[in-house]
Amino acid sequence: MSWVTLCEEKVLPTNRGVAAWFCGRAIALFNLGDKGIFAVDNIDPATGVSVLSRGLLCELNNELYVSSPLHKQHYHLQSGKCFENSELNVSCFEVKKYQGKVMVRKNKPKIVQGRRPTETKSAFSKEA
């Protein structure tokens, strides 16, 4: 497995998210300073919309989460599990800092049990 350089660490805002294009998919990068840098899919599995990079960062039970800006589901930044709904999960990616650069591991993302983000159905879809 190889690592892909996404950006310089100094350009990432602290305690906020940014969207990045990585290996053909949108991911959300979160720089939490001393707590680390995290990467998850940017697609909100509850809606299918690419918005998680705009979510609010928070702690629940001393664990780090991003809250979707649309319906406020909380996704764990290390496992991808949704706090409110075990059927909703996001993919997580390994991140490392190397010589001032932020790198993401190029391999299959870590998927937790439950629906994969590509299998989610939008709350706005017209399904019978």
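Throughout, residues of each chain are indexed from 1 in the direction in which the sequence is written. Only residues with pLDDT of 70 or above have their local features reported here, since the model is predicted, and side-chain atom pairs are shown and tallied only from 80 upward, although totals for entire chains, interfaces and linings are computed over all residues. The side-chain values count all of the structure's non-hydrogen atoms but skip hydrogen atoms and water molecules.

Visitor: Pulling in residues and values, what's your account of the packing of aromatic side chains?
Guide: For any two aromatic rings, the description comes down to two numbers: the centre-to-centre distance and the angle of the planes. Only centres within 6.5 Å qualify two rings of Phe, Tyr or Trp (six-membered ring in Trp) as a pair; their planes then separate them into stacked at under 30 degrees, edge-to-face at over 60, and tilted for everything else. Within this structure, the stated rule accounts for 2 aromatic pairs. Here Phe22 and Phe93 contribute two aromatic rings whose centre-to-centre distance is 5.7 Å and whose plane-to-plane angle is 80 degrees, an arrangement assigned as edge-to-face. Taken as a pair, Phe22 in strand 2 (residues 17–22) and Phe93 in strand 10 (residues 92–93) lie far apart in primary sequence, 71 residues in all. We call a charge positioned above a ring when the Lys NZ or Arg CZ atom is no farther than 6 Å from the ring centre and deviates by at most 35 degrees from the ring normal. Over the aromatic face of Tyr98 sits the side chain of Lys96, whose NZ or CZ is 5.7 Å from the ring centroid. Secondary structure elements follow DSSP: runs of H or I of four or more residues count as helices, runs of E of two or more count as strands, with numbering from the N terminus.

Visitor: Which residues make up the pattern of salt bridges, and what are the values?
Guide: The working definition used for a salt bridge is a side-chain nitrogen of Lys or Arg within 4 Å of a carboxyl oxygen of Asp or Glu. Taken as a whole, this structure holds 5 salt bridges when the rule is applied. We note a salt bridge from Lys101 to Glu8, for which the minimum N-O separation is 2.7 Å. One end of the pair, Lys101, is in strand 12 (residues 101–106); the other, Glu8, is in strand 1 (residues 2–8), and 93 residues separate them in sequence. The exposure class assigned to Glu8 is partly exposed, which follows from its relative accessible area of 31%. Here Glu9 ties to Lys97 by a salt bridge, and the two come within 3.6 Å at their closest N and O atoms. Of this pair, Glu9 sits in the loop between strand 1 and strand 2 while Lys97 is found in strand 11 (residues 95–98), placing the two residues 88 residues apart along the sequence. Given a relative accessible area of 27%, Glu9 falls into the partly exposed group. Under the scheme applied here, a residue whose accessible area is under 20% of the maximum for its type counts as buried, over 50% as exposed, and between as partly exposed, the area being computed with a 1.4 Å probe on protein chains only. Classification of Lys97 as partly exposed rests on a relative accessible area of 47%.

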